[in-house]
Amino acid sequence: MFTQVSLVLSLALLSAASPLAPRKGPKTVPLARKLNIAAGTKIADVDQARAKALSKAGADGPKAEDGVSPVSVTNTVVIYTAEVLVGSPPQTFNLIVDTGSSNTWVGANTANPYVPTSTSVNTTNIIVCSSAFFFTRHYGLEYNDTVALGELSIPQQTIGAAQFALGGFSGTDGTTASGNPILTVTDNAWEQGLLSQYEIGISFQPPTNSSDANGQLTFGGVDESKFDGPITYTPLTTTAPASGYVGINQTVTYGSQQVPILTNAAGILDTGTTLVPIASDAFAVYQNLTGAVLDTTTGLLKITGEQYDSLESLFFEIGGRTFELTKNAQIWPRTLNTNIGGDADGIYLVVSNLGAPSGHGMDFVDGYGFLERFYAVYDTGSSRVGLATTPFTNATTN
Ligand SMILES: *[C@@H]1O[C@H](CO)[C@@H](O)[C@H](O)[C@H]1NC(C)=O
Ligand SMILES: *[C@@H]1O[C@H](CO)[C@@H](O)[C@H](O)[C@H]1NC(C)=O
Ligand SMILES: *[C@@H]1O[C@H](CO)[C@@H](O)[C@H](O)[C@H]1NC(C)=O
Ligand SMILES: *[C@@H]1O[C@H](CO)[C@@H](O)[C@H](O)[C@H]1NC(C)=O
Ligand SMILES: *[C@@H]1O[C@H](CO)[C@@H](O)[C@H](O)[C@H]1NC(C)=O
Ligand SMILES: *[C@@H]1O[C@H](CO)[C@@H](O)[C@H](O)[C@H]1NC(C)=O
């Protein structure tokens, strides 16, 4: 079910770190970006299936009786991966960065599954992992081993024989069969005193071509060079099912007339979603305002050049501050149109239909269409999410 993503990380990115950085300073992990579109796949459908799976799964993972189709994270259209070295001598895995599920299995069903190394400790536990992406719970042998992610090296990280948990917030973490929680990478690094802040900074940029590999995780702090101005924080939402993930409340309006799209709605920030799906009723209002038509080939809303000229910004009110998603940010990068089966000169919108009405505690997913324009901070220690503008917030590269 899980195929390994083989991407080679640019080592040049690693050496960009300051050699004078304090031992407990923020630890940078470069990410690689990959477009992962199988012929005939519609991004909007993939995102919709994922949102449905996340909604149904809640904190305990999906159950077969939920009728939720398993959605492997490798089906995600845009994938960001981080290289992970496990054990000694190190085995290399490409971790798929998925904050919607802290249980990311690496090496499962691949030619190179994890095998115990000289630094492995057999905990003799059986590991059980459930996530929105597995129909059934997965069981495996549990080991502790050294895990290195970019500048961060964590001894005694608990892993499954094919399992690896990046860690977002509680609720989606793996547990051992005996019910003990597995410490995620972030939790474990924090508990071991390797980080000075209990948080992750996340940076992406709008891609300018299909091989544009950009993206960076910062464990234990933020990277000041990746954002402008202040970071505005908002508490994690307590509304389920969004509360099982990186959930927040936000209000969205359209244009200078401030037409309401979503009002104080709960939803999530998600690195496993490509577009910006919103509840079906909100989507209908947005479609009306933009005059867009649903393009059957790509599954995305499509507008004409004239409609693009008159397209207005979406305003996301989060934590008392307004974040403007410009008209250029609302369109799929045109250099990637043909990658999704679209016309080279077509204009497709990244705001898509979540496939469920609002009012169900999962009314939006701020996926890459949003995260490529704003810096995000997952502040586990203070149970809050931070957002800031970046040099790419107003980019017109799409
Ligand atoms: C495995 O690592 C965890 C910390 O992640 C620690 O609590 C546990 O004692 C370790 N188990 C063994 C058998 O060393
Ligand atoms: C780890 O412990 C389990 C449970 O005792 C055992 O079945 C397994 O063979 C051990 N693995 C290794 C590599 O020794
Ligand atoms: C893709 O975009 C990146 C970032 O802008 C740039 O560095 C790279 O040269 C581009 N590659 C191609 C093949 O155009
Ligand atoms: C968050 O949104 C949900 C759903 O609209 C609402 O019930 C809840 O009161 C909101 N929470 C806050 C703190 O406004
Ligand atoms: C769309 O616009 C039409 C015409 O202005 C209006 O009658 C209809 O109620 C609108 N639908 C939505 C969902 O806003
Ligand atoms: C983006 O442009 C808007 C005007 O459309 C401006 O108000 C805002 O300050 C700009 N943001 C950034 C981060 O440059």
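As the structure is a prediction and not an experimental result, all values here were calculated from the model.

A.B. asks: What exactly am I supposed to notice about the overall build of the protein chain here?
C.D. replies: Helix and strand counts for the protein chain stand at six helices and 25 strands. A burial count over the protein chain gives 56% of its 398 residues as buried. A fraction of 68% describes how many contacts in the protein chain between residues 6 or more apart in sequence connect residues 24 or more apart.

A.B. asks: Sorry, what's going on with the site of ligand 3 here?
C.D. replies: In the vicinity of ligand 3, the contacting residues are Thr208, Asn209, Ser211 and Asp212. One of the side-chain N or O atoms of Thr208 is found 3.0 Å from an oxygen atom in ligand 3. Within the side chain of Asn209, a nitrogen or oxygen atom sits 2.3 Å from an oxygen atom of ligand 3. Taken together, the residues of the shell around ligand 3 sort by class into no nonpolar, three polar and one charged.

A.B. asks: Explain the pattern of salt bridges here, please?
C.D. replies: Applying the stated rule across the entire model yields three salt bridges. Between Asp270 and Arg50 there is a salt bridge, with the nearest N and O atoms lying 2.6 Å from each other. In this pair, Asp270 sits in the loop between strand E15 (259-269) and strand E16 (276-278) while Arg50 sits in helix H2 (residues 43-57), placing the two residues 220 residues apart along the sequence. Grouping residues by exposure puts Asp270 and Arg50 together as buried. The shortest N-O distance in the salt bridge between Asp379 and Arg384 comes to 2.7 Å. Residue classification places Asp379 among the buried positions, given a relative accessible area of 5%.

A.B. asks: In this structure, what is going on with the side chain of Thr117? I would like to understand it.
C.D. replies: With respect to the helices and strands, the residue Thr117 is situated in the loop between strand E5 (103-104) and strand E6 (121-129). Overall, the relative accessible area of 14% leaves Thr117 in the buried class. Setting aside chain neighbours within four positions, we find Thr117 in contact with Val86, Gly87, Ser88, Pro89, Gln91 and Asp145.

A.B. asks: Please explain the nonpolar core as it appears in this structure.
C.D. replies: Nonpolar side chains tend toward joint burial in soluble globular proteins. Core analysis: the biggest nonpolar cluster contains 71 residues, and Tyr286 and Trp332 have the highest contact counts within it. Residues from two domains meet in this core; each of domain 1 (7-219) and domain 2 (226-389) gives at least three. Those residues in contact with Tyr286, other than ones at most four positions away along the chain, are Tyr254, Ile261, Ile278, Leu301, Leu311, Leu314, Gln330, Leu349 and Val351. Within the second largest apolar cluster, nine residues are counted, among which are Ala51, Tyr245, Ile268 and Met362.

A.B. asks: Would you mind showing me how to read the pairing of strand E24 (residues 374-379) here?
C.D. replies: Successive residues of a regular strand alternate their side chains across the two faces of the sheet. In terms of burial, E24 is a largely internal element, six of the six residues being buried. What you see with E24 is no split at all: Phe374, Ala376 and Tyr378 on one side and Tyr375, Val377 and Asp379 on the other are buried throughout. Here strand E11 (residues 200-203) pairs with E24 via three bridges, running antiparallel. By the bridge assignment for E24, Ile202 is matched with Ala376.

A.B. asks: Would you explain the sheet that holds strand E14 (residues 247-254) in this entry?
C.D. replies: Strand pairing in a sheet is mediated by backbone hydrogen bonds. Such pairs are either parallel or antiparallel. Taken in spatial order, the five strands of this open sheet run E20-E19-E14-E15-E23, and their pairing is mixed. Each edge of the open sheet is held by one strand with a lone partner, namely strand E20 (321-325) and strand E23 (365-366). Of the strand pairs in this sheet, E14 and strand E19 (residues 314-318) are connected by four bridges, and their pairing is antiparallel. Note on E19: the bridge partner recorded for Tyr254 is Leu314. Relative to the sheet, helix H4 (residues 280-290) contacts E14, E15 and E19, its axis offset from that of E15 by approximately 130 degrees.

A.B. asks: Explain the environment of Lys24 to me, please; I cannot follow it from the model alone.
C.D. replies: The residue Lys24 is located in the loop between helix H1 (11-14) and strand E1 (27-30) in this model. Take Lys24: its relative accessible area is 42%, and that puts it in the partly exposed class. Sequence spacing of Lys24 and Gly221 is 197 residues, and the spatial spacing of their C-alpha atoms is 9.8 Å. Setting aside residues up to four positions removed in sequence, Lys24 forms contacts with Gly193, Leu194, Leu195 and Ser196.

A.B. asks: Would you mind showing me how to read the sheet that holds strand E18 (residues 301-303) here?
C.D. replies: Spatially, the three strands line up as an open sheet ordered E17-E18-E21, and their pairing is antiparallel. In this open sheet, the two edge strands, each paired with only one partner strand, are strand E17 (293-294) and strand E21 (347-348). Relative to E21, E18 runs antiparallel, the two sharing two bridges. Within E21, the position partnered with Ile303 by the bridge is Ile347.

A.B. asks: Would you take a moment to explain unusual backbone geometry for this structure?
C.D. replies: Apart from glycine, the bulk of residues carry a negative phi angle, and the bulk of peptide bonds sit in the trans form. Put simply, Ser88 and Pro89 share a cis peptide bond, and its omega is -5 degrees. Relative to the assigned elements, Pro89 resides in the loop between strand E3 (78-86) and strand E4 (91-96). With an omega of 0 degrees, the peptide bond running from Ala240 to Pro241 counts as cis. Tracing the sequence through the fold places Pro241 in the loop between strand E13 (228-235) and E14. Although it is not a glycine, Asn264 sits at a positive phi angle of roughly 40 degrees. Relative to the helices and strands, Asn264 is located in strand E15. The exposed category is assigned to Asn264, whose relative accessible area is 53%.

A.B. asks: Which parts of the structure should I look at to understand the environment of Tyr80?
C.D. replies: Along the chain, Tyr80 turns up in strand E3. Once the C-alpha coordinates of Tyr80 and Arg33 are considered, the two residues, 47 residues apart in sequence, prove to be 4.4 Å apart.

A.B. asks: How do you make sense of the pairing of E15 when you look at a structure like this?
C.D. replies: Two strands pair when backbone bridges link them, and E14 and E15 are joined in this way by seven bridges, in the antiparallel orientation. Looking across to E15, one finds that Thr253 is bridged to Pro260. In this antiparallel pair of consecutive strands, E14 and E15, the connection spans four residues, and Gly255 shows a positive phi of 70 degrees. Inspection of the sheet shows E15 paired to E23 by two bridges, in the parallel sense. Of the residues in E23, the one forming a bridge with Ile268 is Val365.

The rules behind the values
Residues numbered from 1 in each chain as written. Chains lettered and ligands numbered in written order. Predicted model: local features only at pLDDT ≥ 70, side-chain atom pairs only at ≥ 80, totals over all residues. Heavy atoms only, no water. Helix = DSSP H or I, 4+ residues; strand = E, 2+ residues; numbered from the N terminus. Buried < 20%, exposed > 50% of the residue type's maximum accessible area, 1.4 Å probe, protein only. Contact = heavy atoms within 4.5 Å. Near = heavy atom within 4 Å. Polar contact = N/O pair within 3.5 Å; in protein donor to acceptor, adjacent residues only side chain to side chain. Nonpolar A, V, L, I, M, F, W, Y, C, P; charged D, E, K, R; others polar. Salt bridge = Lys/Arg side-chain N within 4 Å of Asp/Glu carboxyl O. Core = buried A, V, L, I, M, F, W, Y, C linked by side-chain atoms within 4.5 Å. Domains from an automatic or database assignment. Pairing = 2+ DSSP bridges. Axes fitted to C-alpha atoms, helices over the stretch in contact; angles between N-to-C directions.

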